[in-house]
Amino acid sequence: MNASPQQRLARALTALVVLAVALTFLAAQVDFVRRNRIGITAERYWRPQLLQIWLPGLGLALVLLVLAFVLHRRGRRA
């Protein structure tokens, strides 16, 4: 059974969503280790991490997920 190009693109976007979430988590962990030091308050690294890593990474994943969902739904109607 051959998948249409639209279905293949939807699957590729879904794979990119998983990759974006995994890389966001990895980047957050590396940033946590880099910034976290004894005596530094949590607010000092949580806010920049949230604004510079989590929001852009998960935002990208959400946009890709919506695109994949739209392509998947469009492909089922055809």
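Just above, that's the structure.
These figures come from a predicted structure and were not determined experimentally. (Residues numbered from 1 in each chain as written. Predicted model: local features only at pLDDT ≥ 70, side-chain atom pairs only at ≥ 80, totals over all residues. Heavy atoms only, no water.)

Q: Would you take a moment to explain the overall build of the protein chain for this structure?
A: Across its full length, the protein chain carries 2 helices and 0 strands. Radius of gyration (C-alpha) of the protein chain: 17 Å, far over the 12 Å computed for a compact globule of 78 residues. Overall, the C-alpha framework of the protein chain stretches about 60 × 20 × 10 Å when taken along its three principal axes. Looking at the protein chain as a whole, 23% of its 78 residues qualify as buried. (Helix = DSSP H or I, 4+ residues; strand = E, 2+ residues; numbered from the N terminus. Rg over C-alpha atoms; globule rule 2.2 N^0.38 Å. Buried < 20%, exposed > 50% of the residue type's maximum accessible area, 1.4 Å probe, protein only.)

Q: Teacher, can you tell me more about the pattern of salt bridges here?
A: Side chains carrying opposite charge are able to pair once their charged atoms draw close together. Scanning the entire structure with this criterion turns up 2 salt bridges. With a closest N to O distance of 3.0 Å, D31 and R34 form a salt bridge. In this pair, D31 and R34 are both assigned in helix α1 (residues 5–35), 3 residues apart and thus about one turn of the helix distant. On the basis of relative accessibility, which here comes to 5%, the residue D31 falls in the buried class. (Salt bridge = Lys/Arg side-chain N within 4 Å of Asp/Glu carboxyl O.)

Q: Explain the side chain of D31 to me, please; I cannot follow it from the model alone.
A: Of note is the side chain of D31, whose polar atom sits 3.0 Å from the side chain of R34. Within the local environment of D31, its side chain forms a polar contact with the side chain of R35, the two groups lying 2.8 Å apart. Not counting chain neighbours up to four residues away, the residues in contact with D31 comprise Q49 and I53. (Polar contact = N/O pair within 3.5 Å; in protein donor to acceptor, adjacent residues only side chain to side chain. Contact = heavy atoms within 4.5 Å.)

Q: Got a minute to help me understand the nonpolar core in this structure?
A: Nonpolar side chains tend toward joint burial in soluble globular proteins. With 8 residues, the main nonpolar core is built from A10, L13, V17, A20, A61, L64, A68 and L71. Listing elements by their share of this core, those giving two or more residues are α1 and α2 (42–77). Residues in contact with A68, not counting those within four places in the same chain, are A10, L13 and T14. (Core = buried A, V, L, I, M, F, W, Y, C linked by side-chain atoms within 4.5 Å.)

Q: Any chance you could explain the environment of P56 here in plain terms?
A: Considering the arrangement of structural elements, one finds P56 in helix α2. When its relative accessible area of 45% is taken as the criterion, P56 is described as partly exposed. Along the chain, P56 and Q6 lie 50 residues apart, while their C-alpha atoms are 26 Å from each other. Once you skip the residues sitting within four places of it in the chain, P56 turns out to touch L50 and L51.

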